[in-house]
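# Structural features, examined
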Amino acid sequence: TGRRGVPAHVVEFKRGSRHQHLLKDLIRLAYVCESVGERTRLETNYLVFTTSQTREQLCKMLHEQERERPKQSVDKGVRYTLARYQQIDHWMNPSFEMTSKPLAVAVFEVRFKA
């Protein structure tokens, strides 16, 4: 936040984001940007989550979700980019044992531009 107490961004963290809802999550965060008045600081939001998908798989999945989603006029202003994708070398599974299963942290930057 700034000196005036106005939020600068919304950052949403998810553990193992449900991939079938990824596009809906991005659109929802974009609508938060759209709902604030012009010239406010809340123009960019972020979705951060862990995933076993590769960067290419995430992009392909989002493209398919966009094709399947009924077109809505307000969705035209939704803008998102995969701003960061970082592979994690080792991680613990739920039994707290080391595993070689691939895992990454993905960060999407979300905006709404009318």
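See the structure above.
Described in the following lines is the structure provided in the data block. (Residues numbered from 1 in each chain as written. Predicted model: local features only at pLDDT ≥ 70, side-chain atom pairs only at ≥ 80, totals over all residues. Heavy atoms only, no water.)

What follows covers helix α2 (residues 55-68). A rise of 1.5 Å per residue sets the reference length of α2, with its 14 residues, at 20 Å; its end C-alpha atoms lie 20 Å apart and thus fit the reference within 8%. Of all the residues in α2, the buried ones are Leu 58, Met 61, Leu 62 and Gln 65. Along the axis of α2, the buried positions cluster into a sector of 100 degrees, meaning they face one direction only. Of the exposed residues in α2, those oriented more than 90 degrees away from the buried face are Glu 56, Lys 60 and Arg 67. Where the residues of α2 are buried, they touch α1 (22-35), β2 (44-51), β3 (78-88) and β6 (103-112). (Helix = DSSP H or I, 4+ residues; strand = E, 2+ residues; numbered from the N terminus. Expected span 1.5 Å × (residues − 1). Buried < 20%, exposed > 50% of the residue type's maximum accessible area, 1.4 Å probe, protein only. Arc of directions from axis to C-beta. Contact = heavy atoms within 4.5 Å.)

So, about the sheet that holds β3. If you trace the four strands from one edge of the open sheet to the other, you get β1-β2-β6-β3, paired in mixed fashion. With partners counted over all chains shown, the strands left at the sheet margins are β1 (11-14) and β3, one partner each. Across the sheet, the axes of successive neighbouring strands diverge by a mean angle of 15 degrees, strand direction being ignored. Pairing between β2 and β6: eight bridges, direction antiparallel. Its bridge partner being in β6, Asn 45 is matched across the sheet by Val 110. (Pairing = 2+ DSSP bridges. Axes fitted to C-alpha atoms, helices over the stretch in contact; angles between N-to-C directions.)

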